[in-house]
Amino acid sequence: MRQQHIITTDDDPAIRKVLELILMKADYQVTKCTNGDELLESLLENSEKIDLIILDIKMPGKSGLEVLPIIHRNYPSIPIIMMTAFSDLETGMHSIREGAADFLSKPVRKAELLDCVKRVLAKAQEERAKSNAFNINTTYQKDLEFKLDEAYSTIMKTAMATIEALSETIEQKDVYTKGHCSRVRTLALKIAEFLPLSSEEMIILEGGSLLHDIGKIGISEQILNKKELLTKEEYATIKLHPEAGVKIVEYIDLFKPYLPIIRNHHERFDGKGYPDGLKGKEIPLLVRIVTIADSFDAMTSTRPYREALPKEFATEELKISSGTQFDPRLVDIFIDNEIYDH
Ligand SMILES: [Fe+2]
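Given the structure is predicted, the values throughout are model-derived calculations rather than measurements. (Residues numbered from 1 in each chain as written. Predicted model: local features only at pLDDT ≥ 70, side-chain atom pairs only at ≥ 80, totals over all residues.)

Each helix and strand in the protein chain was counted, giving 14 helices and five strands. The C-alpha radius of gyration computed for the protein chain amounts to 39 Å, which surpasses the reference 20 Å derived for 342 residues by more than 25%, pointing to a less compact arrangement than a globule. When the 342 residues of the protein chain are sorted by exposure, 30% land in the buried category. (Helix = DSSP H or I, 4+ residues; strand = E, 2+ residues; numbered from the N terminus. Rg over C-alpha atoms; globule rule 2.2 N^0.38 Å. Buried ≥ 20, exposed ≤ 12 C-beta atoms within 10 Å, placed from the backbone.)

Printed below as a string of structure tokens:
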């Protein structure tokens, strides 16, 4: 173990000698200074090698009490023991308030000195260890946070790529919905720009828009692409796609946030939709957004049974169905901000 290094500062040569003898005998390395200026100079060169300062208060030139705050400010990790005249308790207490670790009254007794030095050094060491542990912890924590952020971002990118691939499979199956999912995503995100959504909600809205019709994977292509009017049974089969979609993704933890959009994007604001007949704000906001985007794009795209409708017609339909099929506030946002023009 490294020998601990103490600087003593006293104008009285006899006291300097006594301190040196006691401390060296106790295996400390000792440097002697005769006044405050000499001490400050010595610290300028060697502060990192100093473990403790013993500082006399009454000295010619700078007094110990003048030097104390300078050292305490510039070398806060070096503890200082002040030496006061016997019975000057008041000054000793004052020095502690100014940052001294402890004080000793003259004449200094050997046992008292060594006990005080040992105690102050141990306390300083303990504080250094605490501060090191704190720094190590902080660095470790920052490193962990960075790695977590990176991992999260990779997972999110992978999840979005998977979602895009899945939505592509729906479009492959239902030829008339080519590009539908990605247009719903664009429209939904445009509407969301006018709402106070968190970035997490925006991610759910984006993925949910792409995945909303995932349940169509389980419906036969003959029904999906049928040009003629659907039979009652066929229509009933198509209406099963929200629940079928839930069954496809419900066991994938990463996709759980998208379940409400997948299950409820055919609900109506007046409660007459399916599969749950949810009404008004019972339908989550993100779902209500996707419903408008989905319906608008369905109207303005070519379907197996009809040509694409003009945008003007589709916006009129949104207005007519505001408050019945759609959330009126979202219809207003859609129309007022001409989102249909994108
Ligand atoms: Fe759908």
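Having seen the structure, we can now continue with the description.
Here we come to the domain arrangement of the protein chain. As assigned here, the protein chain comprises domain 1 (5-138) and domain 2 (174-341). If you average the C-alpha positions of domain 1 and of domain 2, the two centres end up 76 Å apart. (Domains from an automatic or database assignment.)

What follows concerns the nonpolar core. Core analysis: the largest hydrophobic core is formed by 32 residues, its most contacted members being Ala188, Ile191, Ile289, Val290, Ile292 and Ala293. Among the elements of the structure, α5 (110-173), α6 (180-192), α7 (199-211), α11 (259-264), α12 (285-299) and α14 (328-336) are those that each provide at least two residues to this core. The residues contacting isoleucine 292, other than those within four sequence positions of it, are Ile191, Leu318, Phe326, Leu330, Val331 and Phe334. In this structure, Ile7, Val67, Ile81 and Val117 belong to the second largest nonpolar core, which totals 26 residues. (Core = buried A, V, L, I, M, F, W, Y, C linked by C-beta atoms within 7 Å. Contact = placed C-beta atoms within 7 Å.)

A large share of strand β3 (residues 52-56) lies buried, amounting to five of its five residues. Burial along β3 is two-sided: Leu52, Ile54 and Asp56 facing one way and Ile53 and Leu55 facing the other are all buried. The pairing of strand β1 (residues 5-9) with β3 spans four bridges and is classified as parallel. Bridge pairing links threonine 8 to isoleucine 54 in β3. Note that β3 and strand β4 (residues 80-84) share four bridges and pair parallel. Bridge pairing in β4 links leucine 55 to methionine 82. Tracing the backbone out of β3, into helix α3 (residues 64-74) and back to the parallel element β4 gives a crossover that is right-handed. (Pairing = 2+ DSSP bridges. Right-handed = clockwise from strand over helix to strand, strands pointing away.)

Among the structural elements, glycine 61 can be located in the loop between β3 and α3. For glycine 61, a count of 12 C-beta atoms within 10 Å gives the class exposed. Spatially, the C-alpha atom of glycine 61 lies 92 Å from that of alanine 314, the residues being 253 residues apart in sequence. Look past the residues within four positions of glycine 61 in its chain and what remains in contact with it is Asn35, Gly36 and Asp37.

On to the packing of helix α13 (residues 311-320) against α14. The contact between α13 and α14 brings their axes to 10 Å, and the two run at 155 degrees. As judged from the angle between their axes, α13 and α14 are roughly antiparallel. In this structure, the crossing between α13 and α14 has a hand that is left-handed. Residues Thr315, Leu318 and Lys319 of α13 lie in contact with α14, whose contacting residues are Val331, Phe334 and Ile335. Partitioned by chemical class, the residues of the contact of α13 with α14 number four nonpolar, one polar and one charged. (Axes fitted to C-alpha atoms, helices over the stretch in contact; angles between N-to-C directions. Parallel < 35°, antiparallel > 145°, perpendicular 65-115°, else oblique. Left-handed = near helix turned anticlockwise from the far one by under 90°. Nonpolar A, V, L, I, M, F, W, Y, C, P; charged D, E, K, R; others polar.)

Regular strands place side chains that alternate from one sheet face to the opposite one. As paired elements, β1 and strand β2 (residues 29-33) share five bridges and run parallel to each other. Bridged to threonine 9 within β2 is cysteine 33. For the crossover that starts at β1, traverses helix α1 (residues 13-25) and ends in the parallel β2, the hand is right-handed.

Pairing within the open sheet is parallel, and its five strands lie in the order β2-β1-β3-β4-β5. On the outer flanks of this sheet lie β2 and β5 (102-105), each paired with one strand and no other. Shown here is a sheet whose adjacent strand axes are inclined to one another by a mean of 20 degrees, direction ignored. Helix-sheet contacts for α1 involve β1, β2 and β3, and the interaxial angle to β2 is about 170 degrees.

Attention now goes to the packing of α5 against α7. Packing of α5 against α7 leaves a shortest axis separation of 8 Å and a crossing angle of 25 degrees. It follows that α5 is roughly parallel to α7 by the angle criterion. In the packing of α5 onto α7, the handedness of the crossing is left-handed. Seen from α5, the contacting residues are Met156, Met160, Ile163, Glu164, Leu166 and Ser167; seen from α7, they are Ile203, Gly207, Leu210 and Leu211. Of the residues in the contact of α5 with α7, the class split is seven nonpolar, two polar and one charged.

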